[in-house]
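# Tertiary structure, described
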Amino acid sequence: MALKGNLRDFTITQLLNLVNLACKTGTLVVEGPADVAKITFREGKLIYAQLDHLDNSLAGILRRSKKISSRQYSILSERAANMNDKELGILLINAGYLSQFDIIESLQQYFVGIVRQLFTWVEGVFHFEVNSLQPFDKIPVRMDLENLIIEGSRQLREWEQLQQEIPSLDMSLKFSDRPGINIRNVNLSVEEWRVVYYVNPKNTMRQIAKATKLNDLEIRRIVYSLLQAGLVEVIRPREQTVTTQPRAFPKTNKPEQKSLINRIIDRIRAI
Amino acid sequence: MQTVKIVVTGPFSSGKTEFIQSISEIDVVSTERKISLESEKIKNATTVAMDFGRITIDKELVLYMFGTPGQRRFDFMWEILSEGMLGFIVMVDSARPETFREARYILETFRAYAPTPYVVTANKQDLDDAWDLEDMRFALRLDPKIKLLPCVAHDKNSVKKILLELLYTILAEMEAK
Ligand SMILES: Nc1nc2c(ncn2[C@@H]2O[C@H](COP(=O)(O)OP(=O)(O)OP(=O)(O)O)[C@@H](O)[C@H]2O)c(=O)[nH]1
Ligand SMILES: [Mg+2]
């Protein structure tokens, strides 16, 4: 029976488990909403992985793992343009730039990184191409799957918990009204920032996820950390109102507005 | 409990992050990321998302300060940021006249999104090559009614003064209506 299906019914972790137990050889192709991943196994071990939208060349991988500098990278891309990864690897080792260990280590990290990324995909279809190996010019590694499977199951549990904490992405977020005490040391990541900046009762989490190109797991994870930091609260989405002229003070009358400004003035004077 | 916000905008490297940092009660949360555009290599980190600072006014009121990124390719953020703000501050680096045109562009765009009160600050007045206020007003083609205020963003008192001037302007515009 052909091994193919939907990630909703069969998780990446389950797939890895299967490949591991059955000592399978071949390539798992996963087509997600934004990218296509190919993971190759030989007798149940991970040997290769790539994401279609990334620069999967050895030079690119070495640069990202900081084994070579951007300058070296551009020199290589120019001078070794028609060399394949295997040839380039041998050249780098012979020229004494890098050891075989450096190269293998970078590749392993890169491949594991791709599998980790796959764990966050909740939507997509997959199929397994039996006996199909990595492109001939790519350097294979050999890694046990057990640790990845453990990591994957942990993530799966996290995913289930997050779904309990944040059951619906059709709710909105707003900045917390209570001045949280724990806000003082918040240190937001770039992704968190991107979400923070869309926080508005009018935007549902689903809309925010779409705007920030985050998948269901990623948006939940970020929202959860913002909730923990006391920065935002989950609320029912406010009716989408199309206002061309945003009002500075919604629902307040003039004396109230003035008193509000005066309170701010008093406070700032006292700082 | 109510929250209000003030937006700090202005060209690249004009001192927005520094400004918010000086007065915020929380460490300014911002994403400083290396950028690589040659023209922008004045400093090696710039705000790609935005800054976020806060001042608790009292038990019922919190003021947030948002700093916009200083580059044009983030224009799309302004519309979102400008919603529901009390007013905004346009920071200009007094020592970099080559950014004045950009400052003007930002000012006009922001005004179009939000007809709210604003003040313009001539920042980095402590630098030797800072322009004089009158010259800047002329170069920025500012209406005489708009406040142009000298500022040194790492000086808390200077920042306080700017915020207060903005608030006075907001009050005055309320009276006028
Ligand atoms: N001398 C002097 N330096 C200042 C002043 N304000 C800011 N700076 C410096 O100017 C540089 C830019 O300041 P930032 O606060 O990062 O500017 P920014 O507007 O947030 O920059 P972007 O977010 O990249 O657009 C930093 O090195 C600051 O330390 C000032 O009033 N005087
Ligand atoms: Mg900044």
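Residues numbered from 1 in each chain as written. Chains lettered and ligands numbered in written order. Predicted model: local features only at pLDDT ≥ 70, side-chain atom pairs only at ≥ 80, totals over all residues. Heavy atoms only, no water.

### Let's talk about the overall build of chain A
From N to C terminus, chain A includes 10 helices and 7 strands. Taking all 271 residues of chain A together, 44% fall into the buried category. Across chain A, the fraction of contacts at a sequence separation of at least 24, relative to all contacts at a separation of at least 6, is 75%. When the accessible surface of chain A is summed, it comes to about 15,000 Å², and 50% of that surface belongs to carbon and sulfur atoms. (Helix = DSSP H or I, 4+ residues; strand = E, 2+ residues; numbered from the N terminus. Buried < 20%, exposed > 50% of the residue type's maximum accessible area, 1.4 Å probe, protein only. Contact = heavy atoms within 4.5 Å. Areas by Shrake-Rupley, 256 points an atom, 1.4 Å probe, with all protein chains shown as cover.)

### A word on unusual backbone geometry
The phi torsion at asparagine 131 of chain A lies on the positive side, around 65 degrees, for a residue other than glycine. Looking at the element boundaries, asparagine 131 of chain A is found in the loop between strand E5 (125-130) and helix H6 (146-165). According to the relative accessible area criterion, asparagine 131 of chain A is exposed, its value standing at 57%. Its identity as a non-glycine residue notwithstanding, serine 13 of chain B has a phi of 65 degrees, on the positive side. Tracing the sequence through the fold places serine 13 of chain B in the loop between strand E1 (2-9) and helix H1 (16-23).

### Section: the nonpolar core
If you look at the biggest cluster of nonpolar residues, it comprises 44 residues, and the most contacted ones within it are Leu16, Ile39, Phe41 and Leu46 of chain A. With 9 residues, the top contributor of residues to this core is helix H5 (residues 100-119) of chain A. If we ignore the near neighbours within four places in the chain, the residues touching leucine 16 of chain A are Phe41, Val115, Phe119, Leu145, Leu148 and Ile149 of chain A. Counting residues in hydrophobic clusters, the runner-up holds 42 residues, among them Leu173, Tyr197 and Val232 of chain A together with Phe66 of chain B. (Core = buried A, V, L, I, M, F, W, Y, C linked by side-chain atoms within 4.5 Å.)

### Remarks on the pattern of salt bridges
Oppositely charged side chains are able to pair whenever their charged atoms sit close together. All chains considered together, the criterion is met by 19 salt bridges over all chains. One salt bridge connects glutamate 105 of chain A with lysine 67 of chain A, and the closest N-O pair in it is separated by 3.3 Å. One end of the pair, glutamate 105 of chain A, is in helix H5; the other, lysine 67 of chain A, is in the loop between helix H2 (58-64) and helix H3 (70-79), and 38 residues separate them in sequence. With a relative accessible area of 25%, lysine 67 of chain A lands in the partly exposed category. Between lysine 145 of chain B and aspartate 143 of chain B there is a salt bridge, with its nearest N and O atoms 3.9 Å apart. Residue class for lysine 145 of chain B comes out exposed when judged on its relative accessible area of 71%. Note on aspartate 143 of chain B: relative accessible area 37%, which makes it partly exposed. (Salt bridge = Lys/Arg side-chain N within 4 Å of Asp/Glu carboxyl O.)

### Details of the pairing of strand E6 (residues 172-175) of chain A
Two faces, one strand: in a regular strand the side chains alternate between the faces of the sheet. Residue and element names in this part refer to chain A. Side-chain alternation along E6 places Ser172 and Lys174 on one buried face and Leu173 and Phe175 on a second face that is also buried. Where E6 meets strand E7 (residues 232-235), 4 bridges bridge the pair, whose relative direction is antiparallel. Following the sheet pairing, leucine 173 is matched in E7 by valine 234. (Pairing = 2+ DSSP bridges.)

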